[in-house]
Amino acid sequence: MTTTANKTDSFMGDPDATGRFGQFGGRYVPETLVPACAELEVAFREAWADPEFKREFHNLLNTYGGRPSPVTECFRLSEELGFRILLKREDLNHTGSHKINNVIGQALLAKRMGKNRLVAETGAGQHGVATATAAALMGMECIVFMGEVDVKRQALNVFRMKLLGTEVRTAMSGSRTLKDAVNEAMRDWVATVNFTHYCLGSVMGPHPYPWMVREFHRVIGDEARTQCAQMIPGDGIPDYVVACVGGGSNAAGIFSGFADTRAKLIGAEPAGGAAVGRAVPGVVHGSKSYLMQDEFGQVQEAHSVSAGLDYPGVGPEHAHLADIGRARYESVTDTEVLDAFQLLSRTEGIIPALEPAHGLAWMVKAKSELAGTTVLLNMSGRGDKDVAQVQAILDGDPEALATMRP
Ligand SMILES: Cc1ncc(COP(=O)(O)O)c(C=O)c1O
């Protein structure tokens, strides 16, 4: 690992010494948290440079997490849409999404730092379940904060966390979704920082989180690069790499494997949470990035049919990649997402989570641009957690329909 912090000119290298990617990132936290962030940065730099830590991390990802995840060729869907579609199958990981990669890394790091209590925020519940899982595996205490709205729409994941021995605390403030869960988790961390590690679930928050979380997910892109080299004639590089963007961790993971290639990088955002699409800079949850806000700088409430993308901000590295033109961010509506969710289920026998269905929804919309190309989509999670919600929407249940905007 490079410990000098001057690689911003190489795509998706290390942030600068202040934790910035271009103008974005940094560390905007209360004074009580500055030492904790600094301690975490040092611990991560040391661990990531330690071959024994990396060996233990990759060993757990393989023997416990189920890596490497395969790349699946979608023959029927490719024929229907007119371009070649490959899926990176993070949905096949233990606990059902990419989130386990980051969580295993952070839980190992917390142990190494002598901290035996984890706090985390969750939206869809996938990061919460993954954190609860790692805590059970490693014998750690775990508290997960979740907005009241998400507790209702992701009831199954709440039960899973409880089964895993985690305490789920309901966040009742604001929009009662992911943003509010992050606020509560940060508040807990401030009060308990001596013995608690905040296991943040995406490439957001103060430095070193955006960088550290991306590094723990880099395995997605590294594996996919090797797998594509076997599957794609010529240079082995897909024409497009597509991923959904909430905070942006699965996208950062897969983009990092292709950032230095000719592949076009596309992030799919929900229309009601298109932080990059609107491109207004601001500071939230400890870093500067693009952020949905009103004319007074107040953070606006995001909306998405998928709990995991219901977030008004985005990780700072994505703001930077958009700013320098290396990645493009496109938005899709809830209705388009629901159609894509059903399309993949019907044509390939793969029920996606609503989050990666955003990536597919963009591909359907962009099919004339994509004609004849090869597209790699990061299938960041499986749809088990969403089928009850989708069933209720399709059945016309008024409460479920209220989670949708056309
Ligand atoms: C399956 C799945 N994909 C994507 C996301 C969005 O997170 P990120 O943008 O950090 O990958 C979530 C969040 O819960 C998720 O559960």
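Residues numbered from 1 in each chain as written. Predicted model: local features only at pLDDT ≥ 70, side-chain atom pairs only at ≥ 80, totals over all residues.

Moving on: the domain arrangement of the protein. Interface size, as often reported, equals the accessible area lost upon joining of the parts. For the protein, the assigned domains read domain 1 (20-61 + 98-198) and domain 2 (68-97 + 220-401). Here the C-alpha centre of domain 2 lies 22 Å away from the C-alpha centre of domain 1. At the junction of the two partners, domain 1 supplies 30 residues and domain 2 supplies 35 residues. Elements with a minimum of two residues in the side of domain 1 that touches domain 2: β2 (24-25), α4 (99-112), α5 (126-138), α6 (148-153), α7 (155-163) and α8 (178-192). (Domains from an automatic or database assignment. Contact = placed C-beta atoms within 7 Å. Helix = DSSP H or I, 4+ residues; strand = E, 2+ residues; numbered from the N terminus.)

The next thing to look at is the sheet that holds strand β8 (residues 196-198). Strand order across the open sheet formed by four strands is β7-β6-β5-β8, with parallel pairing between neighbours. Bordering the open sheet on either side are β7 (167-171) and β8, each of which pairs with just one other strand. The sheet shows a mean angle of 25° between the axes of neighbouring strands, direction not considered. Where strand β5 (residues 117-122) meets β8, three bridges bridge the pair, whose relative direction is parallel. By the bridge assignment, R117 is partnered in β8 with T196. (Pairing = 2+ DSSP bridges. Axes fitted to C-alpha atoms, helices over the stretch in contact; angles between N-to-C directions.)

Each strand in a sheet pairs with another by means of backbone hydrogen bonds, the pair being arranged parallel or else antiparallel. The six strands are arranged β3-β4-β14-β9-β10-β13 in an open sheet whose pairing can be described as mixed. What marks the edges here is a single partner per strand, and that holds for β3 (71-73) and β13 (327-332). When strand polarity is set aside, the average angle formed by the axes of neighbouring strands in this sheet is 25°. Pairing between strand β10 (residues 264-270) and β13: six bridges, direction parallel. Across the sheet, the residue bridging to I266 is R328, located in β13. Running over the sheet, helix α9 (residues 209-231) touches β3, β4 (84-89) and β14 (374-379) and is turned about 40° from β3.

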